Amino acid sequence: MRAIALITCLFLSACGDDTRPPLIANEIVIAAPMPGSRISAGYMSFSNSTDVPISITRVTSPDFGAVEIHESLLEDGVAKMRRVEKLTVPANSSVSLQRGGKHLMLMRPSDALDMVSLSFYSDHTLLLSVNTPITKAGD
Ligand SMILES: [Cu+2]
C-alpha cells in the first residue's frame with residue numbers, strides 16, 4: 001500500500017509545501033434537467049497550477065448514465081454540438097466551460113437528484129473529484 005500512496009503523492013505535485021492540487025474546478029453550475037428531460041448541461045472553470053498541460057479525457061458520475069464533454073458550434077447557421085474527446089487545460093492556465101461553448105452533457109439522470117458527484121480522468125488517472133449541489137431552474 002505504501003508504494004501506491006507514494007505514487008499518488010508524486011502525481012499530486014510533489015506533496016511538498018505546495019498543497020494546491022494540480023487541477024481545480026470552480027464556478028461550477030450543474031443544471032437540473034428540465035421536467036420530462038433526460039439530459040442537462042454543466043458549466044465550470046478548470047485551473048491548472050502545474051507547468052505541464054493537463055488533458056481531461058473521461059468524466060464519470062454515479063448520478064448519470066453518461067457524461068460527455070461537448071462543444072456548441074454553428075454550422076451553416078444551425079446550432080449544433082459535437083463530442084470533444086479531450087479537453088486540455090494549458091500549463092498555468094485555465095479553461096472555462098460555458099453556455100454557447102464547451103460544456104458537460106449529462107445524460108440519463110438518476111431520480112431525485114440533489115447533489116452531483118463528478119470524477120474527471122486523464123485516461124485512467126483520476127485528476128479531480130467534485131461534489132456539488134444541482135442548480136434547479138430559477139435558482
Ligand atoms: Cu451538449
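Residue positions are given per chain, counted from 1 along the sequence in the order it is written. Given that this is a predicted model, residues contribute local features only at a pLDDT of at least 70 and side-chain atom pairs are listed and counted only at 80 or more, while totals for whole chains, interfaces and linings are drawn from all residues. The basis for the side-chain values is all heavy atoms of the structure; hydrogens and waters are excluded.

Caption draft 1: Looking closely at the pattern of salt bridges. A side-chain nitrogen of Lys or Arg and a carboxyl oxygen of Asp or Glu constitute a salt bridge if their distance falls within 4 Å. Here the structure, examined in full by the defined rule, presents three salt bridges. A salt bridge links Glu 71 to Arg 82, with the nearest nitrogen and oxygen atoms 3.0 Å apart. With a gap of 11 residues between them, Glu 71 in strand S5 (residues 64-75) and Arg 82 in strand S6 (residues 78-83) connect regions that are remote in the sequence. Note on exposure labels: buried denotes an accessible area under 20% of the residue type's maximum, exposed denotes more than 50%, and partly exposed covers the range between, all computed with a 1.4 Å probe on protein chains only. By relative accessible area, Arg 82 is classed as partly exposed at 48%. Note that Lys 80 and Glu 75 form a salt bridge whose closest N and O atoms lie 3.1 Å from each other. Residue class for Lys 80 comes out partly exposed when judged on its relative accessible area of 41%. Residue Glu 75 is classed as partly exposed on the basis of its relative accessible area of 37%. Each helix is a run of DSSP H or I of at least 4 residues and each strand a run of E of at least 2, with the numbering of both proceeding from the N terminus.

Caption draft 2: Spotlight on the coordination of the copper ion. Donor selection uses N, O and S atoms within 2.8 Å of the metal (3.2 Å for Na, K and Ca). Since no water is included, sites may look incomplete. Looking at the metal site, the copper ion is ligated by His 70 (ND1), Met 81 (SD), His 103 (NE2) and Met 105 (SD), spaced 2.0 to 2.3 Å from it. Angle rules define the geometry names used: all angles between 85 and 135 degrees makes four donors tetrahedral, while opposite donors over 155 degrees apart and all other angles between 65 and 115 make four donors square planar and six octahedral, leaving every other case irregular. Around the copper ion, the four donor atoms sit at angles spanning 96 to 121°, and that spread fits a shape best called tetrahedral. Site description for the copper ion: donor spacing in sequence, H-x10-M-x21-H-x1-M. Residue Met 81 is located in strand S6, and its partner His 103 is located in strand S9 (residues 102-109); the two are separated by 22 residues in the primary sequence. Take Met 81: its relative accessible area is 44%, and that puts it in the partly exposed class.

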